[in-house]
Amino acid sequence: MQYLNLFIQPISSAVVFPYSSLQLHNVDCYNQSVHSQYIGLVSQIDDNQSDVQTIQQYSQYGTLVHIAKEQDDTSHSYKAFAFARFRINSFCQLTPFLVANVEILNDDIQNYDTEILGVFKDAIKIYMENFSLLPNALLKQKIDEEDNIVKLYYQVSNKIQIPFNQKIRLLQMNDNNERISTLIQYLNHKMIQYTTNNELEQKLKQELISEMQNNGDNLINQTQQIVPQIQELELDYQKQYVESLPWGILHPETVSISQCKEKLDKKHYGLDMAKQRILQYLAIKYLTKSTGSIICLHGHPGVGKTSLAQSIAESLGRPFQKISLGGVSDEAQIRGHRKTYVGAQAGMIMEAIKKAKCINPVILLDEIDKINQYTVGSALLEVLDPEQNKSFMDNYVNEEFNLSQVLFISTANYIESIQPALRDRLEMIEIPSYTIDEKEKIAIQHLIPKQMELNGIDKKVDFSKDVVRYLITNYTNESGVRQLERQINSIFRTIALQQVRGKKKGSYNINKGFINQCLGESTIGYKNIRLQSIGMCKGLNDGMNILEVIKTKGQGNLFQQSKDQYIVEQGITALSYLRNCFKYIQFQNWDINVANQNCLGVCVVVAMVSLFMNKKVKSNVTFAGELSLKGSILRQDNLRESIIQAAESGIDIIIIPSQNVGDIQNLEPSIKKRIRLVDHIEEVFQIAFEDGFTYYHYPNL
Ligand SMILES: Nc1ncnc2c1ncn2[C@@H]1O[C@H](COP(=O)(O)OP(=O)(O)OP(=O)(O)O)[C@@H](O)[C@H]1O
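One numbering rule holds for all chains: residues counted from 1, following each sequence as written. Per-residue local features are limited, in this predicted model, to residues with pLDDT of at least 70; the limit for side-chain atom pairs, both in listing and counting, is 80 or more; totals at the level of whole chains, interfaces and linings are taken over all residues. To get the side-chain values, all heavy atoms of the structure are used, and hydrogens and water are removed first.

J.: Just checking my understanding: could you explain the nonpolar core for this structure?
T.: Soluble, globular proteins show a tendency: their nonpolar side chains are buried together. Of all hydrophobic cores here, the largest spans 71 residues; its most connected members are Leu64, Phe463, Ile491, Phe492, Ile510 and Ile515. Here a strand is any run of E in DSSP of at least two residues, a helix any run of H or I of at least four, and the numbering for each starts at the N terminus. Sort the elements by how many residues they give to this core and helix α17 (residues 482-500) lands first, with 8 residues. Contacts were defined at the residue level, with two residues in contact if any of their heavy atoms lie within 4.5 Å. Filtering out sequence-adjacent residues up to four positions away, Phe463 remains in contact with Ile448, Val468, Leu471, Ile491, Phe492, Ile510 and Ile515. Grouped together as the second largest cluster of nonpolar side chains are 40 residues, Val602, Phe612, Ile655 and Ile687 included. To qualify as a nonpolar core, a set must consist of buried Ala, Val, Leu, Ile, Met, Phe, Trp, Tyr and Cys residues joined through side-chain atoms within 4.5 Å. Throughout this description, buried means an accessible area under 20% of the type-specific maximum (1.4 Å probe, protein chains only), exposed means over 50%, and partly exposed covers the range between.

Encoded structure:
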């Protein structure tokens, strides 16, 4: 157990949970003790809250926060990040400010019942959907992908609107399964309240209508009086909204291309081509005053698209707003509701303008490729079209608003998925995936210093290149650096806790052992997979995939697990090619089962040959390419990222179609030298197998 003495700031009628950022005002104890960046926040309890544990009038449990820096000298407000729970043992000092001896509590991520977790995630999704806290698809994806359950628990506890003593209870519970079950109960209870209120409203309306029908004019007169009152209220609200918009307010901006370049370079390592294209775009835009096309930064997740857009706004000195388009399914979310609509509100564009408080912010249209409704696409076209956006009409605002000064930037993961009409309006700038060397530099120059500052690490930390590389290859599997940043954050959180507990004095040496201790054993799966048996090989398509083929006595059927028509057709082509070339094999006596979600024909045919010839495929080779019926190897799209991933995971030979030669021009020499360009499948057979390949040695089938 870890005990320490901590300055305590009492807070009234509120509970702060870990994993939240907050702004603290008048933090008395911090003002007195500027040498410590960590303080404890503890809720003050009144005597009636009988079911919470207290020490005198304070909750026995509190939250450890790290104070980042002073925001504003005059207002004495501070940015802070809450990151752990503690239990108070005793108070060591009561005046002039509180000091308590506390035990820092370690919440164990692993120790959760998986069944409860499933129910928990479902309950959050339903709750948030009903309260419209986020667009559905985006929300569901975020919740499904969140693997840190403790974080999810605290974030929901922070957001849910429940009585104070229930919040305190959520902070005080220690048993993981029990506290999740309690939170699920609270979520469900809120849902029932919500539904009942809605039902009640409906029921009242129904009663009113039937009474109106029965009682005639008298009641109609009454309701006629009520309806205008409600309408007046809504009109008032709408009027206030329109008045609060920044009509004609221009934010001053700095347009210096050299300053802009400096800012982009300062925040982002590499990406020279992309930066150059961005600067060219801005230069032309300002010289010609053209508002023609819109930039679309496209690339894999975590390669820096959003942060580049943020840096563009910063370098121009303009406010930045982000609109997430993933999951937007109704054009009213862009264009607003008509005033007559119950619960009408303005669309996302006007909301962003309102928040930016000017008519010339930078607005990021994030994930423009995730729009799947044509009506939403066409509403967006109107927003982006310089001919029309001078007089953009949001249905709710119901007055023309000039959007022509806004700098719109969009992002996409896959440009192929963008609606064609929208795609025509976009100027594509590719943000390429990073090689392992680039990731190493990004980590050392940007991510490590950023995370150290964020977690309040003021000690010297020795994070050598080798160790960063070890972290990248063993704990991340991505084209960008988001996972890497998360892992670095976890390491520094551990150090921050050690620092607070006074466990470690002097500098930190982060080595492989320390990384294993912080992050657990590496779980990056396929890197460690050795191809143990025949009928298996590694193929490239959207990363590296393992493909398996087995045969059972049968009647020449081909069973494939993939639902993707293109992949299935490649499986059929692979088998047809084999039937044609290896006529002596009695394929009609076997059923073939192919477990393949993603690999194209070249990989499938290699696995089938391995199976029927009883030959193991080399474990350090991977294959890409579309197969034709005659064995020609044709171009495969989007290979660059997969090639980089394969090289990073230690593959020595990467076989790709000659037609993809254009994709490898800018790769590092260390990657290029592993690539073999091929035109026909027979060239592949010569390289693929552990003990070579000749057409004369066939087993007796
Ligand atoms: N070249 C780089 N130099 C420094 N930091 C980078 C670089 N590329 C990415 N990052 C950092 O990686 C993190 C993730 O980047 P960001 O959120 O901008 O990715 P993204 O491409 O927008 O991802 P997504 O498509 O998932 O939204 C950020 O903290 C960003 O600052």
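Still more ground to cover, so stick around.
J.: Is there a simple way to think about the sheet that holds strand β13 (residues 407-412) in this case?
T.: Hydrogen bonds between backbone atoms are what pair the strands of a sheet, whose relative direction is either parallel or antiparallel. Two strands are said to pair when DSSP picks up at least two bridges between them. The strand order β9-β10-β13-β8-β14 describes an open sheet built from 5 strands, whose pairing is parallel. Edge positions in the sheet fall to β9 (320-324) and β14 (426-430), since each has one partner strand and no second. Direction aside, the axes of adjacent strands within the sheet are offset by 25 degrees on average. Bridge count between strand β8 (residues 294-298) and β14: 5 bridges; the pairing is parallel. What sits directly across from Leu297, in β14, is Ile429. Sheet contacts for helix α9 (residues 272-288): β8, β13 and β14; angle to β14, the most-contacted strand, approximately 155 degrees. Inter-axis angles, ranging from 0 to 180 degrees, are taken between N-to-C directions of lines fitted to C-alpha atoms, where helices are fitted over the stretch in contact.

J.: Just checking my understanding: could you explain unusual backbone geometry for this structure?
T.: In terms of backbone geometry, most residues other than glycine have negative phi values and most peptide bonds are trans. Of note in the backbone geometry, Leu271 takes a positive phi value of approximately 55 degrees without being a glycine. Turning to its location among the elements, Leu271 is positioned in the loop between α8 (257-267) and α9. In this structure, Asn398 takes a positive phi of about 60 degrees despite not being glycine. By the secondary structure assignment, Asn398 is in the loop between β11 (392-393) and β12 (400-401).

J.: Help me understand the site of the ligand, please; the structure alone is not making it clear to me.
T.: The rule for a residue being near a molecule or strand is that one of its heavy atoms must lie within 4 Å of it. Taken together, 20 residues form the shell around the ligand, and within it Gly302, Lys305, Thr306, Arg482 and Glu485 come nearest. Pairing of N or O atoms within 3.5 Å defines a polar contact, subject to two protein rules: one partner must be a possible hydrogen donor and the other a possible acceptor, and residues neighboring in sequence count only if both atoms are side-chain atoms. In this structure, Ser307 approaches the ligand through a main-chain N or O atom, which is 2.8 Å from an oxygen atom. One of the side-chain N or O atoms of Arg482 is found 2.7 Å from an oxygen atom in the ligand. All accessible areas in this document rest on Shrake-Rupley with a 1.4 Å probe, and a residue is counted as covered only by the protein chains that are shown. Against a free-state accessible area of 640 Å², the protein chains account for coverage of 88% of the ligand. Of all elements in the fold, only α10 (305-316), α15 (436-454) and α17 reach the threshold of two or more residues within the shell around the ligand. Residues were grouped as follows: Ala, Val, Leu, Ile, Met, Phe, Trp, Tyr, Cys and Pro as nonpolar; Asp, Glu, Lys and Arg as charged; and all remaining residues, including Gly, as polar. In terms of residue class, the shell around the ligand is made up of 7 nonpolar, 8 polar and 5 charged. Both domains that meet at the shell around the ligand, namely domain 3 (257-430) and domain 4 (436-519), each give it at least three residues. What marks off one domain from the next here is an automatic or database domain assignment.

J.: So what exactly am I meant to see when it comes to the side chain of Glu440 here?
T.: Relative to the helices and strands, Glu440 is located in helix α15. Within the structure, Glu440 has its side chain in polar contact with the side chain of Arg469 (distance 2.5 Å). Aside from chain neighbours lying at most four places away, what touches Glu440 is Lys465, Val468, Arg469 and Ile472.

J.: Mind showing me how you'd approach the packing of α15 against α17 here?
T.: The description of two packed helices rests on the angle between their axes and on the distance between the axes. Relative to each other, α15 and α17 sit at 45 degrees, their axes nearing to 10 Å. Viewed along their axes, α15 and α17 adopt a mutual orientation that is oblique. You can see that α15 and α17 cross each other, and the crossing is right-handed. Contacts from Lys439, Ala443, Leu447, Ile448, Lys450, Gln451 and Met452 in α15 reach Leu484, Glu485, Ile488, Asn489 and Phe492 in α17. Of the residues belonging to the contact of α15 with α17, the class tally is 7 nonpolar, 2 polar and 3 charged. Each angle is binned into one of four classes, with values under 35 degrees roughly parallel, values over 145 roughly antiparallel, values of 65 to 115 roughly perpendicular, and all other values oblique. Helix crossings fall into two classes, left-handed where the near helix is turned counterclockwise from the far one by less than a right angle and right-handed where it is turned clockwise.

J.: Would you explain the pattern of salt bridges in this entry?
T.: When charged atoms on two side chains of opposite charge get close, those side chains can pair. Basic side-chain nitrogens of Lys or Arg form a salt bridge, by our definition, when they fall within 4 Å of a carboxyl oxygen of Asp or Glu. By the definition in use, this model includes 18 salt bridges. Between Glu331 and Arg335 there is a salt bridge; the shortest N-O distance is 2.8 Å. A residue is classified by how much of its surface remains accessible, and Glu331, at 28% relative accessible area, is partly exposed. Overlapping salt bridges bring together Arg85, Asp107 and Arg179 as one network.

J.: When you look at the pairing of strand β18 (residues 544-553) in this model, what are you seeing that I'm missing?
T.: Strand residues, when the strand is regular, have side chains that alternate between the two faces of the sheet. Note: strand β17 (residues 536-540) against β18, 5 bridges, orientation antiparallel. Following the sheet pairing, Leu540 is matched in β18 by Met544. Hairpin geometry of β17 and β18 is characterised by an intervening segment of 3 residues between the two adjacent antiparallel strands and by a positive phi of about 55 degrees at Asp542. Sheet topology places β18 next to strand β20 (residues 590-595); 6 bridges connect them, and they run antiparallel. Looking at the pairing, Thr552 lines up with Asp591 of β20.

J.: Where do I start with the environment of Pro386 in this structure?
T.: With respect to the helices and strands, Pro386 occurs in the loop between α13 (374-384) and β11. Each C-alpha atom, one on Pro386 and one on Gln405, is 9.7 Å from the other, the two residues being 19 residues apart in sequence.

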